[in-house]
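# Breakdown of the fold
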Amino acid sequence: MTSDASGDRAADLDELVAALRAADAVLFGEFELSHGGTSEYYVDKYRFETDPDCLERIAEAFAARVGDAKLAGVALGAVPLVAATAVETGRPYVIARKSAKEYGTGNRIEGELAEGEEVVVLEDIATTGQSAVDAVEALRDAGAVVNRVLVVVDREEGAAERLAEHGVELESLLTASDLLADRDADDADD
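Now for a look at the structure at hand. (Residues numbered from 1 in each chain as written. Predicted model: local features only at pLDDT ≥ 70, side-chain atom pairs only at ≥ 80, totals over all residues. Heavy atoms only, no water.)

With that out of the way, let us pick up the nonpolar core. Counting residues in each nonpolar core, the largest one holds 59 residues, and the members touching the most others are Leu20, Phe48, Leu139 and Leu174. Aside from chain neighbours lying at most four places away, what touches Phe48 is Leu20, Ala25, Val43, Cys54, Leu55, Ile58, Leu81, Asp124, Ile125 and Val152. (Core = buried A, V, L, I, M, F, W, Y, C linked by side-chain atoms within 4.5 Å. Buried < 20%, exposed > 50% of the residue type's maximum accessible area, 1.4 Å probe, protein only. Contact = heavy atoms within 4.5 Å.)

Quick look at the environment of Val82 now. Note that Val82 resides in helix H4 (residues 79-89). C-alpha of Val82 to C-alpha of Pro92: the two residues are 10 residues apart in sequence and 9.3 Å apart in space. Residues within four places of Val82 in sequence aside, it is in contact with Leu71, Ala72, Gly73, Tyr93 and Leu122. (Helix = DSSP H or I, 4+ residues; strand = E, 2+ residues; numbered from the N terminus.)

Take the pairing of strand S7 (residues 145-154) next. Among the 10 residues of S7, eight are classified as buried, and the element is accordingly described as predominantly covered. In this structure, strand S6 (residues 118-126) lies alongside S7, joined through eight bridges in parallel fashion. Bridge pairing links Val121 to Val149 in S7. In this view, the connection linking S6 to its parallel neighbour S7 by way of helix H5 (residues 130-141) has right-handed handedness. Of the strand pairs in this sheet, S7 and strand S8 (residues 169-175) are connected by six bridges, and their pairing is parallel. Note on S8: the bridge partner recorded for Arg148 is Glu169. The β-α-β motif built from S7, the intervening helix H6 (residues 159-164) and the parallel element S8 has right-handed crossover chirality. (Pairing = 2+ DSSP bridges. Right-handed = clockwise from strand over helix to strand, strands pointing away.)

Glancing now at the sheet that holds S7. Judged by pairing direction, the sheet is mixed, and its six strands sit side by side in the order S5-S4-S3-S6-S7-S8 without closing on themselves. Both outer strands of the open sheet, strand S5 (109-110) and S8, are each paired with one neighbouring strand and no more. Relative to S5, strand S4 (residues 93-96) runs antiparallel, the two being bridged by two bridges. Within S5, the residue paired with Ala96 across the bridge is Ile109.

Quick look at unusual backbone geometry now. The step from Ala75 to Leu76 runs through a cis peptide bond, and the omega angle for that step is -5 degrees. For Leu76, the position within the fold is in the loop between strand S3 (70-74) and H4. Phi at Asp24 is positive, roughly 55 degrees, even though this residue is not glycine. Relative to the assigned elements, Asp24 resides in the loop between helix H1 (3-22) and strand S1 (26-32). You can call Asp24 partly exposed: its relative accessible area is 47%. For Glu156, which is not glycine, the phi dihedral falls at a positive 60 degrees. Its place among the elements puts Glu156 in the loop between S7 and H6.

With that out of the way, let us pick up the side chain of Lys70. One can find Lys70 in strand S3. Among residues more than four places away in sequence, those in contact with Lys70 are Arg91, Pro92, Tyr93, Val94, Glu112, Leu113, Glu117, Glu118, Val119 and Val120.

Before going further, it helps to spend a moment on H5. Under the 1.5 Å per step criterion, the end-to-end length of H5 is 16 Å for 12 residues, consistent within 8% with the ideal 16 Å. Residues Ala132, Val133, Ala135, Val136, Ala138 and Leu139 constitute the buried set of H5. Check the buried side of H5 and you find it contacts S3, S4, S5, S6, S7 and H6. Note on H5: the residue one or two positions beyond its end, Gly143, has a positive phi of about 105 degrees. (Expected span 1.5 Å × (residues − 1).)

What follows is the structure, given as structure tokens:
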């Protein structure tokens, strides 16, 4: 990697962190997480997914990383992300539901998916990685080839390791360390 590419990556990272903070998507306090644990910070996906500037920056960053794979979004949280990325790339997408619908078609995977098609899963936030693993398994059961999950924020709490156990690489736009770096520096100054 050239120093120019490294500098561009750092600038892109800084811009994305700034966009999430400007959207008030990084909150501090005591929060209960979906897996039952607690945290001193919370990344509010609905704030960054409903902010047009954040959504556009995320879609551009995902678009630069998806390659030729079909896109898949994990319902409900990643649907805005996968839709915006599909518009950015001109590529179709599917939605992986947490469970099959109990009405209509009864599908777990919504959208067109061909047997053996390479799919990259887009996700909002990875903590333990379980929802991404569930989506990967549903897509594989439907015939897709899934080797990568792209996430906006990796909380660095085991998601990469859990996905690796399933033969899937986790790639994040940001990590918890990236989001908390300035706060940690501010705390050290106090």
